[in-house]
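Overview (structure and organization)
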There are 2 protein chains.
Amino acid sequence: MKKVTAHDVARLAEVSQSAVSRTFTPGASVAPETRERIETAARKLGYRPNAIARSLITRRSRIIGLVMSYLENQFYPVVIERLCQALQQDGYHVLLFISETEEADNVLADILQYQVDGIVMASTTLSSALANDCINAGIPVVLFNRVAQVGPMGGYSTSSVTSQNRAGGRLVGELLVRTGHRRIAWLAGSENASTSRDREAGLCDALAAAGLPLHARGVGDYDFAEARRAVLALFRDPDNRPDALFAANDHMAIAALETLRAELGMQVPRDVSVVGFDNVPQAAWPSFDLTTVQQNVEQMVDATRTLLFEQIGGQVMASSVDVPCVLVERGTVRKRDAT
Amino acid sequence: MKKVTAHDVARLAEVSQSAVSRTFTPGASVAPETRERIETAARKLGYRPNAIARSLITRRSRIIGLVMSYLENQFYPVVIERLCQALQQDGYHVLLFISETEEADNVLADILQYQVDGIVMASTTLSSALANDCINAGIPVVLFNRVAQVGPMGGYSTSSVTSQNRAGGRLVGELLVRTGHRRIAWLAGSENASTSRDREAGLCDALAAAGLPLHARGVGDYDFAEARRAVLALFRDPDNRPDALFAANDHMAIAALETLRAELGMQVPRDVSVVGFDNVPQAAWPSFDLTTVQQNVEQMVDATRTLLFEQIGGQVMASSVDVPCVLVERGTVRKRDAT
DNA sequence: CTGAAAGCGCTTACAG
DNA sequence: CTGAAAGCGCTTACAG
């Protein structure tokens, strides 16, 4: 079971090892008949070029590090699937790092040792420090679904791909105002996640335009159990309940739906309207039929590839892409107000 | 932004490059003060050993290929998360390949070029041929949540980790019989998936023991939309409907639940009982409250690591591990029969 | 304990 | 078009 190398093939085909290498290098010049001979020999021996050795000499691993943290939110599996497939088609591969919370530093060391050509950080909760470390190490980074925290002096700036979160938040705010809601509550994700802050800002834009205050505010940390707790607190006082709840993502919106119905005995949208963000697969299930804002994963993945390859190609300026998102109206917002 | 190598560190610390290498090789002998000097120099230069170069010489990449296909079934994200974290702790990393259906051959070539130390195939739908190719190439493979198809002559045998699917299926069959169901239907996953076949066999064991026939049978292909279609067909005739439906996994069971309620106006478990397999996070959500069989992901991941490392260490015999699974009784099976 | 040297399996100028 | 040679950044016997 010895590994077969280019040398073995060269010997069998009676050519130099260089010729074998050229045969497997797209665009290199080899005479047609030589190539033929080499390919036959390679097939006979079951030869496959060693990507590790190639990486060492070309100083390109064609590996992209993908850092994620919470796959229970179904948005991320969808992202993984699309991103992996897209990168595979470009001849790149994905080294996956799962890092809950902030043990991320060890992860970083690992990533760097593996000489990845670039990194996609697709997690709203990872620290910006991590991203900066990578950039300092000279590795292209693209933030996916989040934006860099700006440092004290204007700070580092990292490429990022997001939806137009503020506009999306505004869309929801306008919908809720238009349909006559007056006591609108916000369920934040992580307080320091840009997605959550931007969506909240959009909501507040719409409220301000209508002269309405934000009725109440909870923090669900993008987590199912945390969201449940926050909803319980938000609806504790039966005399002062919100008439609408906008959650920073679908995962929490569904947690809210479950809690409102099963634990608080409320009906949606009769007693309260609920809106999410992402349009995960479950949002379309009849049990939830959740009104939400759709993030265009396909466009986001495309933009990520583009940004990544620009930087790998030497582009130094970081840039950000905002993909438009659209409101998906389903059944969790009451249609007209009785007020 | 030049890469700093062991040579650079050696020069600064005034030692040989070998000494630098030893300092970063656990268990190598270096004098404490030499090590100190080298570590200081390394820190100053921001040196990190190049894992690619190390792999080339040690012929160990410390990379495991993980092949998956359908992440919309929430069981798999959970598996990815656990497996990644476990392997990271062992100093291994995960190169992720997503391959829908059978374009898998290209994927295979990729995997092999990357000199992965082993492969975990965690997908019920991938062909067994793929696994055999890897084994022929001398790469350890562990099948996760499926079992090798035995060839015509007894065929190849590949290590695998599964739940005790047949026993799990029997548990469900016994539960349904015990609670007085008489027209029990089976919703299969993919016809050639061992998980589906084994769970069905277990169900049939229980039915046979009770002298009951399998009332009806549909095929959902482990897919949400397919499962919906199959359920519609299974319940088309109002006069001959099943009184219980056992789906080969939770993903399809939830599809069934949604279809029964939203499209057929049936109540669960009043009109029909529903049972799944996996115990995905959503099964516990109040909207579904799904009775199911829990696969012990933690044990399955542990077994996978063990099997993988045995083979990487030179163990040639393939072996299979069956992890016990337990029935999780929730609200989708009616408690007593009125018959 | 330490250094010089060989070598992992490739790519890529450089001559011819 | 083709081959000999250098070299990517490491590890690891082998002497000392």
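Right above here is the structure, for reference.
Residues numbered from 1 in each chain as written. Chains lettered and ligands numbered in written order. Predicted model: local features only at pLDDT ≥ 70, side-chain atom pairs only at ≥ 80, totals over all residues. Heavy atoms only, no water.

The next point concerns the sheet that holds strand 6 (residues 184-188) of chain A. Residues and elements named next belong to chain A. Strands sit in the order 7-6-8-9 across an open sheet of four strands; the sheet is parallel. Here the strands that pair on one side only, and so sit at the sheet edges, are strand 7 (216-219) and strand 9 (273-275). Between one strand and the next, the sheet's axes are offset by a mean angle of 20°, whatever the strand orientation. For strand 8 (residues 244-247) and strand 9, the ladder comprises three bridges, and the chain directions are parallel. Counted as the bridge partner of Leu245 is Val274 from strand 9. Sheet strands touched by helix 8 (residues 165-178): strand 6, strand 8 and strand 9. Its angle to strand 8, the strand with the most contacts, is close to 170°. (Pairing = 2+ DSSP bridges. Helix = DSSP H or I, 4+ residues; strand = E, 2+ residues; numbered from the N terminus. Axes fitted to C-alpha atoms, helices over the stretch in contact; angles between N-to-C directions. Contact = heavy atoms within 4.5 Å.)

Attention shifts here to the sheet that holds strand 8 (residues 244-247) of chain B. Sheets are built from strands paired through backbone hydrogen bonds, the pairs being either parallel or antiparallel. Residue and element names in this part refer to chain B. Here we have four strands laid out as an open sheet, ordered 7-6-8-9, and parallel in their pairing. Across the chains shown, the open sheet's two edge strands, defined by having one partner strand only, are strand 7 (216-219) and strand 9 (273-275). Between one strand axis and the next, the sheet turns by 20° as a mean value, whatever way the strands run. Inspection of the sheet shows strand 6 (residues 184-188) paired to strand 7 by four bridges, in the parallel sense. In the strand pairing of strand 7, Trp186 is matched with Arg217. Helix-sheet contacts for helix 10 (residues 224-234) involve strand 6, strand 7 and strand 8, and the interaxial angle to strand 7 is about 155°. Where helix 11 (residues 250-263) meets the sheet, it contacts strand 6, strand 8 and strand 9, and its direction lies at approximately 155° from that of strand 9.

Time to look at the protein's contact with DNA strand C. The local shell around DNA strand C holds 28 residues, among which Ser21 of chain A together with Arg22, Thr34, Ile57 and Arg59 of chain B are the closest. Protein-adjacent atoms of DNA strand C, using a 4 Å cutoff, are sugar or phosphate at a proportion of 58%. In the environment of DNA strand C, a phosphate oxygen lies 3.0 Å from a nitrogen or oxygen atom belonging to the backbone of Ala6 of chain A. With respect to DNA strand C, the side chain of Arg59 of chain B contributes an N or O atom lying 2.5 Å from a phosphate oxygen. The greatest single-element share of the surface near DNA strand C, amounting to five residues, is contributed by helix 4 (residues 51-58) of chain A. Broken down by class, the residue content of the surface near DNA strand C amounts to 12 nonpolar, 11 polar and five charged. (Near = heavy atom within 4 Å. Polar contact = N/O pair within 3.5 Å; in protein donor to acceptor, adjacent residues only side chain to side chain. Nonpolar A, V, L, I, M, F, W, Y, C, P; charged D, E, K, R; others polar.)

Moving on, we get to the relation of the copies chain B and chain A. After a rotation of 180° and a shift along the axis of 0.0 Å, chain B superposes on chain A with an RMSD of 0.0 Å. Both copies are brought into coincidence by an operation consistent with a two-fold rotation axis. Considering only C-alpha atoms, the residue of chain B closest to the rotation axis is Leu95 of chain B, which sits at 2.2 Å. Comparing interface residues between copies, 100% of those in chain B also sit at the interface in chain A, which points to an isologous, same-surface contact. (Least-squares fit on C-alpha atoms with pLDDT ≥ 70 in both.)

We now examine the packing of helix 10 of chain B against helix 11 of chain B. Two packed helices can be described by the angle between their axes and the distance between those axes. Residues and elements named next belong to chain B. Taken N-terminus to C-terminus, the directions of helix 10 and helix 11 make an angle of 50°; their axes are 8 Å apart at the nearest point. One way to sum up the angle between helix 10 and helix 11 is to call them oblique. Crossing geometry of helix 10 relative to helix 11 is assigned as right-handed. Mapping the contact onto sequence places Phe224, Ala227, Arg228, Val231 and Leu232 in helix 10 and His251, Met252, Ile254, Ala255, Ala256, Glu258, Thr259, Leu260 and Glu263 in helix 11. Class assignment of the residues belonging to the contact of helix 10 with helix 11 gives a composition of nine nonpolar, two polar and three charged. (Parallel < 35°, antiparallel > 145°, perpendicular 65-115°, else oblique. Left-handed = near helix turned anticlockwise from the far one by under 90°.)

Time to look at the interface of chain B and chain A. With 52 residues of chain B in contact, the opposing surface of chain A contributes 52 residues. Of the roughly 5,100 Å² buried at the junction of chain B and chain A (both faces included), carbon and sulfur atoms supply 61%. Of all residues in chain B, Ile52, Tyr114 and Trp285 of chain B give up the largest surface area on contact with chain A, accounting jointly for 14% of the area buried on that side. Joining chain B to chain A, the criterion identifies zero salt bridges. (Buried area = accessible area lost by both parts, 1.4 Å probe. Salt bridge = Lys/Arg side-chain N within 4 Å of Asp/Glu carboxyl O.)

The subject of this paragraph is helix 5 (residues 75-89) of chain A. Residues and elements named next belong to chain A. Between the first and last C-alpha of helix 5 there are 22 Å, a value that for 15 residues agrees with the 21 Å anticipated at 1.5 Å per step. Of all the 15 residues making up helix 5, 11 are buried; the element is thus mostly covered by neighbouring parts of the structure. Turning to helix 5, its buried residues number three or more, namely Phe75, Tyr76, Pro77, Val79, Ile80, Glu81, Leu83, Cys84, Ala86, Leu87 and Gln88. Gly91, located one to two residues past helix 5, shows a positive phi value of around 80°. (Expected span 1.5 Å × (residues − 1). Buried < 20%, exposed > 50% of the residue type's maximum accessible area, 1.4 Å probe, protein only.)

Moving on: the protein's contact with DNA strand D. In the vicinity of DNA strand D lie 27 residues, with Arg22, Thr34, Ile57 and Arg59 of chain A together with Ser21 of chain B positioned nearest. The sugar and phosphate moieties of DNA strand D supply 59% of its atoms located within 4 Å of the protein. The contact in question runs from a phosphate oxygen of DNA strand D to an N or O atom on the side chain of Ser29 of chain A, over 3.1 Å. Elements represented by at least two residues in the surface near DNA strand D include exactly helix 2 (17-23) and helix 4 of chain A together with helix 2 (17-23) and helix 4 (51-58) of chain B.

On to the environment of Ala230 of chain B. All names here are of chain B. With respect to the element layout, Ala230 can be found in helix 10. The exposure class of Ala230 is buried, given its relative accessible area of 9%. Along the chain, Ala230 and Leu187 lie 43 residues apart, while their C-alpha atoms are 7.6 Å from each other. Ala230 has contacts with Leu187 and Val219, leaving out every residue within four places of it along the chain.

Residue and element names in this part refer to chain A. In this structure, Asp237 sits in the loop between helix 10 (224-234) and strand 8. For the pair Asp237 and Gly46, spaced 191 residues apart in sequence, the C-alpha to C-alpha distance is 71 Å. At 2.9 Å, the side chain of Asp237 forms a polar contact with the backbone nitrogen of Asp239.

Okay, the pairing of strand 6 of chain A next. Residues and elements named next belong to chain A. Among the five residues of strand 6, five are classified as buried, and the element is accordingly described as predominantly covered. The side-chain alternation of strand 6 yields two buried faces, one formed by Ile184, Trp186 and Ala188 and the other by Ala185 and Leu187. Two elements, strand 6 and strand 8, share four bridges in a ladder whose sense is parallel. Along strand 8, the bridge assignment pairs Ile184 with Ala244.

Turning to the pattern of salt bridges, a few remarks are in order. All names here are of chain A. Summed over all chains, the structure comprises 26 salt bridges over all chains. Glu191 is the partner of Arg217 in a salt bridge, and the nearest nitrogen-oxygen pair spans 3.0 Å. Remark: Glu191 occurs in the loop between strand 6 and helix 9 (194-209) and Arg217 occurs in strand 7; sequence separation between them is 26 residues. Salt bridges linked by common partners bring Asp90, Asp302 and Arg305 together as one network.

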